[in-house]
Amino acid sequence: MPTPPSPGTAVRSLAEVNADIRALWQRGGRLSPEGRREYERLLAEWAAVVRGDVTEAA
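This write-up is about the structure you can find in this document. (Residues numbered from 1 in each chain as written. Predicted model: local features only at pLDDT ≥ 70, side-chain atom pairs only at ≥ 80, totals over all residues. Heavy atoms only, no water.)

Regarding the environment of leucine 42
Put simply, the rule is: Numbering of helices and strands starts at the N terminus; helices are DSSP runs of H or I of at least 4 residues and strands are runs of E of at least 2. Note on contacts: a residue pair is in contact if any heavy atoms of the two residues lie within 4.5 Å.
Summarising the element assignment, leucine 42 is placed in helix H2 (residues 33-57). Separated by 25 residues in sequence, leucine 42 and valine 17 place their C-alpha atoms 6.6 Å apart. Setting aside residues up to four positions removed in sequence, leucine 42 forms contacts with Arg12, Val17, Asp20, Ile21 and Leu24.

Written out as structure tokens, the structure reads:
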């Protein structure tokens, strides 16, 4: 299960995280085990940013 970014990590914008996810997939269409770990980390970061956006809106 992916781990969310640590509390001390600076929060990036959703656009920045999305750009990194797109770039990862554009490297060849298939992910190596290392690429898969990076993808899972980015998804956890993406989810944390989305949760932060929802919390701020509420």
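Let's talk about the pattern of salt bridges
Stated formally: What makes a salt bridge here is a side-chain nitrogen of Lys or Arg within 4 Å of a carboxyl oxygen of Asp or Glu, nothing more. Think of it in three bands: residues with accessible area under 20% of the maximum for their type are buried, residues over 50% are exposed, and the middle band is partly exposed, with areas taken using a 1.4 Å probe on protein chains only.
What the rule picks out here adds up to four salt bridges. The shortest N-O distance in the salt bridge between aspartate 20 and arginine 12 comes to 2.6 Å. One salt bridge in this structure joins glutamate 45 and arginine 12, with 2.7 Å as the shortest N-O distance. With a gap of 33 residues between them, glutamate 45 in helix H2 and arginine 12 in the segment before helix H1 (14-26) connect regions that are remote in the sequence. On the basis of relative accessible area, glutamate 45 is assigned to the buried category, the value being 7%. Looking at arginine 12, the relative accessible area reads 25%, which means it is partly exposed.

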